[in-house]
Structure formats: C-alpha cells, structure tokens
Amino acid sequence: MLKPSVYLLLSAALFTAGCQPKETAPPATASAASASTAASAPTVAASAPAPFTTPKPDDLLAQFNWYRARAEHDLAGATPAQADALYVQFSADIDELLKTLTEREQKVLENYYDYWTYDEKTDTHHPKPNIKKRVAELAAADLEYWYVGEGMAEVRPQADYYWKLFGKHVSPDYADFLRIEAEQNKTLVFNDAAIVISWAQLGKYVMDWEGFLQRHAKSKLATRARCLYGNYASAYLLGANNTPVRDYDTNVLQPEVKAEWQRLRQQHPESPVAKLTLQAEAMEKEDEASVAKLLAPLNLPDSEACYSGVGG
C-alpha cells in the first residue's frame, strides 16, 4: 500500500445525451419570387442518422468490438457535447464488461508469472504457448493483460483506447483528459508499494494534471483529474513504503528527491506542489496529522468521491 492513502479512480458515472436533429436551409432557386416562397416555407429537419442495428453478440470479447462499433456509428453525427456523453456511457459499458471478463480470467490474472516469461534484457514479458492465443484474442478487441505487481495482472483496454476513439470528437477538456490519460497509461507507476518510474517522470505526471485543472477548472472531469492529481502529488511529496523520500535510518532526504524538488521549483515556481516541496523538506515526521496538513492546500477530493467516480 502507498503511504499516505492514494486517491483511487474507478469508473465514471453514467449519463446520456439525446441527438438533436439538424435543420437544413431551403434549396437555392433561380428567381426572386421562388426565393421569396422558399424563404417563407418552414425549414425541414435533416433526417436522423440511421440507427445502429447490428445485433449484440453473445461472445464476451465480441461485445467489446460491438460497443466500439456502435460508438463509432453514433460519433459520426455527434456534437462535442453529445460525444462527451457518449464517452461517459461507453466507458461505463466497457467497465461492466471488464468486470465480467476479469472474473473469467481470474486464474490467469492471479498467477500471471505462470503464463509468462520475463526477458531481463528488454524488460518485457512474453506469453508462453499456453496463453499466446488468448493474448491475440484480447488484442483483437484492443485489450491486454497488464502487469500490476506482486506477480498479478489485470485485463484492461490498451493505453490509448479511449483517446483513439473519442479524442477527435469530444469537447476540448475531455480531449485533454483523454490525451493525458493515454500517455500516462503506457507506464506502470506503482508496483509492490514502490514507485517504479523516475522522480522526474512522476513530477511530470503531477504537472500534467495540475495543468489540466488550471485550464479546465469547471470541467465535469475536474474531480476525476483531481483524484489522479492527488494520487501522484501525494506520492511525489511523501514517497511510498518501498520508495521513501527520506532514508529510513538517517531521515535525510534522498539526494535524487532533493534534486528533483529543486528542479520542479526552478521550472514551475508557481506550482502549488512545487511550493509544498519546501514544507515536505522541513517535515520531521509523517504522521497522519502532518500529512493532512501538508496536502491541505491542494484541496483534494476525499476518498469517497474518488472511489465513486464523481465527474464525467
């Protein structure tokens, strides 16, 4: 477990938006009289796009592709606001499918190392023959096994899954959120109560979400972004059990942490987190009260809000 508690993000709440029919102007005419007549006639609503009628398959993996095909169909004529709603509904549908798939894949997920070999030279895992076909089947649905530490894995959409599907259609704040999420999802951040990326990369993640919140303070995704911001900021300022910011024996700040905090203050002097690094340096102990006082200026959501997926 990280110390302190991290801000976890689950699925977004559901909502949908109806498609509004568009109106078309009367056709151009050759004479003024006919133009006048056309101008006085009521405008005619454009025909609604044909409904998506492909039957939903019974096969679970095929359902992932079915939902994606339906989303692609609906996005073709959607406004940005409608696309935002489609994203929220789609991600909730995919989350439900993933819950079912996770139950079916439980044996593999809990015994990940039994099905993979690890290549130290490339720092990559490769499926053994008995699971290689399943990997290909997941990939065909844009899914993958994702190692999460301690010998276990989860099934998840590929890192840029939502960005590729919705990025060009949604509102600017949604597009910004999906872009950042797609980039950060490429790399495992926490593993076995440790931070497994560099301090500099973790600092970039913090700045990514801080920037999002500055640009889109009133976004419906602000709470979700702030949960992720809190997750990374708390780890950046306080470390994790197996990646402490201070030497456990001497309580001296780790040299690499001190250098990274100095870099952040120099490059982002107005950043709230950069300013908090000075307080973090001066902390004598990391009890619950001291941690709460340190993080208070960030105005982070409580854990209940993050668990419930408020926003979006």
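Details of the structure are given in the entry above.
Residues numbered from 1 in each chain as written. Predicted model: local features only at pLDDT ≥ 70, side-chain atom pairs only at ≥ 80, totals over all residues. Heavy atoms only, no water.

**Some words on the nonpolar core**
Phase 1 of the analysis: Phe64, Phe166 and Val273 are the most contacted members of the largest nonpolar core, which has 77 residues in total.
Phase 2 of the analysis: Of the residues forming this core, the biggest block, ten residues, is contributed by helix H10 (residues 222-238).
Phase 3 of the analysis: Once you skip the residues sitting within four places of it in the chain, Phe166 turns out to touch Ala71, Leu75, Ala83, Leu86, Tyr87, Phe90 and Leu178. (Core = buried A, V, L, I, M, F, W, Y, C linked by side-chain atoms within 4.5 Å. Buried < 20%, exposed > 50% of the residue type's maximum accessible area, 1.4 Å probe, protein only. Helix = DSSP H or I, 4+ residues; strand = E, 2+ residues; numbered from the N terminus. Contact = heavy atoms within 4.5 Å.)

**With respect to unusual backbone geometry**
Phase 1 of the analysis: Phi angles above zero are rare outside glycine, and Glu150 is one such case at about 55°.
Phase 2 of the analysis: Positionally, Glu150 belongs in the loop between strand S5 (143-149) and strand S6 (152-157).
Phase 3 of the analysis: By relative accessible area, which is 55% here, Glu150 ends up exposed.
Phase 4 of the analysis: In the Ramachandran plot, Asn251 falls in the positive-phi region, its phi being about 65° despite a non-glycine side chain.

**Re the packing of aromatic side chains**
Phase 1 of the analysis: Considering all chains together, one arrives at 19 aromatic pairs under this definition.
Phase 2 of the analysis: Relative to Tyr162, the ring of Tyr161 lies with its centre 5.0 Å away and its plane at 85°, an arrangement referred to as edge-to-face.
Phase 3 of the analysis: The buried category is assigned to Tyr162, whose relative accessible area is 13%.
Phase 4 of the analysis: Against the face of Trp146 rests Arg156, its NZ or CZ located 3.6 Å from the ring centre. (Phe/Tyr/Trp six-rings, centres within 6.5 Å; stacked < 30°, edge-to-face > 60°. Lys NZ or Arg CZ within 6 Å of the ring centre and 35° of its normal.)

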